[in-house]
Amino acid sequence: MNDMSTPITVGQKMARVPTSFAIDDAHILRSKIIGKCATVENWLSEQISTVEKPELMLSQKIEQLKKLSDQGKVIFKCPQKLRDRLDAFRSFADFRSEIVHSEMSLSIVDGTASAIFENADQICPRIFRKKTLMSLEEFDRVWQDMSKAANLLTTLKPNQR
């Protein structure tokens, strides 16, 4: 039987097979996460550079701004709010680092598309490399939560001296 007359999306829904664009969706989410982290990193660099040279890595910049705030060198109206938001964003920065240094592929299990991140930074046989598996829905939730945390952090304004 020729199902060419059936629209692709209808046929895929009936067969519970994700669209061929699922890997594209995963790449888009990965790019959004990397881009939003770059926005946060730029904001961190702006805050830090008023006092000293920013560190190179995102996680180091998070710690550097905490330290400068604790020392009173960079003053925010609510320093505890800054600390809480930096802490809340830290796990997303770690996740970004993980996906940036990983090869991404797609797996389909029971009709659910999942992204597989295989750490490419580890020097060991491929079978022993760290792998992270998450459904595209979970990946999208990470993006949504990370985006909110990033927006809350970057809307904080330092006090002017």
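Here the residue numbering is sequential within each chain, running from 1 through the sequence in written order. With the structure being a predicted model, the display of local features is reserved for residues of pLDDT at least 70 and the display and counting of side-chain atom pairs for 80 or more, all residues being used for whole-chain, interface and lining totals. Only hydrogens and water are removed before side-chain values are computed, so all heavy atoms of the structure are retained for them.

Q: A description of the sheet that holds strand β3 (residues 131-135) should follow, citing residues and the corresponding values.
A: One open sheet accounts for three strands, arranged β1-β2-β3; its pairing is antiparallel. Each edge of the sheet is formed by a strand with only one pairing partner; in this case those strands are β1 (102-109) and β3. Sheet twist, expressed as the mean angle between neighbouring strand axes with direction ignored, is 25 degrees. Of the strand pairs in this sheet, strand β2 (residues 112-119) and β3 are connected by five bridges, and their pairing is antiparallel. Along β3, the bridge assignment pairs A115 with M134. Whether two residues touch is decided by their heavy atoms; if any such pair falls within 4.5 Å, the residues are in contact. Helix axes use the C-alpha atoms of the stretch in contact, all axes being lines fitted to C-alpha atoms, and the angles between their N-to-C directions lie in the range 0 to 180 degrees. A run of H or I in DSSP counts as a helix once it spans at least four residues, and a run of E counts as a strand once it spans at least two, with each numbered from the N terminus. On the sheet, helix α2 (residues 22-49) packs against β1 and β2 and is oriented at approximately 140 degrees with respect to β1. Contacting β1, β2 and β3, helix α5 (residues 136-154) crosses the sheet at an angle of about 95 degrees to β3. Here, strands pair whenever DSSP counts at least two bridges between them.

Q: Quick rundown of the confidence of the model for the protein chain? Include the residues and the values.
A: One confidence number per residue, pLDDT, is output by the predictor and ranges from 0 to 100. Of all residues in the protein chain, 84% have pLDDT values of 70 or greater, and the mean over the chain is 84. Confidence scores differ between elements of the protein chain, with helix α1 (residues 8-15) showing the lowest mean pLDDT of 40 and helix α3 (residues 58-70) the highest of 96. Segment residues 1-15: pLDDT under 50, and five contacts once partners within four positions in sequence are set aside and those in other chains are kept.

Q: So what's going on with the pairing of β1? Residues and values would help.
A: Note: β1 against β2, eight bridges, orientation antiparallel. For S107, the partnering residue across the bridge sits in β2 and is S114. Where β1 folds back onto β2 in an antiparallel hairpin, the turn is made up of two residues, including D110, whose phi is positive at roughly 50 degrees.

Q: Requested: an account of the nonpolar core, with residues and values cited.
A: Throughout this description, the term nonpolar core refers to a set of buried Ala, Val, Leu, Ile, Met, Phe, Trp, Tyr and Cys residues connected via side-chain atoms within 4.5 Å. Under the scheme applied here, a residue whose accessible area is under 20% of the maximum for its type counts as buried, over 50% as exposed, and between as partly exposed, the area being computed with a 1.4 Å probe on protein chains only. L44, L65, F89 and F139 are the most contacted members of the largest nonpolar core, which has 36 residues in total. Broken down by secondary-structure element, the contributors of at least two residues to this core are α2, α3, α4 (79-100), β2 and α5. When residues of this core are assigned to their parent elements, the largest contribution, nine residues, is made by α2. Beyond its immediate chain neighbours, meaning those up to four positions away, L65 contacts W43, L44, Q47, I48, V74, F76, L82 and L86.

Q: So what's going on with the environment of A115? Residues and values would help.
A: Considering the arrangement of structural elements, one finds A115 in strand β2. Overall, the relative accessible area of 0% leaves A115 in the buried class. Sequence-wise, A115 and M134 are 19 residues apart; in three dimensions their C-alpha atoms are separated by 5.5 Å. Excluding its chain neighbours within four sequence positions, the residues that come into contact with A115 are M104, S105, L106, T132, L133, M134 and L136.

Q: Provide a residue-level description of the packing of aromatic side chains, including the pertinent values.
A: The rule is short: rings of Phe, Tyr and Trp, with Trp giving its six-membered ring, pair when the centres are within 6.5 Å, and they are stacked under 30 degrees, edge-to-face over 60, tilted in between. On inspection of all chains with the given rule, the structure shows five aromatic pairs. Pairing F95 with F139 gives two aromatic rings, centres 6.2 Å apart and planes at 70 degrees, and the pair type is edge-to-face. Here F95, found in helix α4, pairs with F139, found in helix α5; they are 44 residues apart in sequence, far enough to count as distant. F139 matches F95 in its accessibility class, with the two residues each being buried. Relative to F139, the ring of F117 has its centre 5.3 Å away and its plane inclined at 65 degrees; by these criteria the two rings are edge-to-face. Within this pair, whereas F117 is found in strand β2, its partner F139 is found in helix α5, the two being separated by 22 residues in sequence.

Q: Requested: an account of the pattern of salt bridges, with residues and values cited.
A: A pair is scored as a salt bridge if a Lys or Arg side-chain nitrogen falls within 4 Å of a carboxyl oxygen belonging to Asp or Glu. Taken as a whole, this structure holds seven salt bridges when the rule is applied. Between R83 and D70 there is a salt bridge, and its shortest N-O distance comes to 2.3 Å. Residue R83 is found in helix α4, and its partner D70 is found in helix α3; the two are separated by 13 residues along the sequence. Its relative accessible area of 25% is what places R83 among the partly exposed residues. Across the pair E98 and K130 runs a salt bridge, and its minimum N-O distance is 3.4 Å. Remark: K130 occurs in the loop between β2 and β3 and E98 occurs in helix α4; sequence separation between them is 32 residues. For K130, a relative accessible area of 42% corresponds to the partly exposed category. Here the salt bridges do not stand alone but share partners, grouping E63, K66, D87, R90 and D94 into one network.

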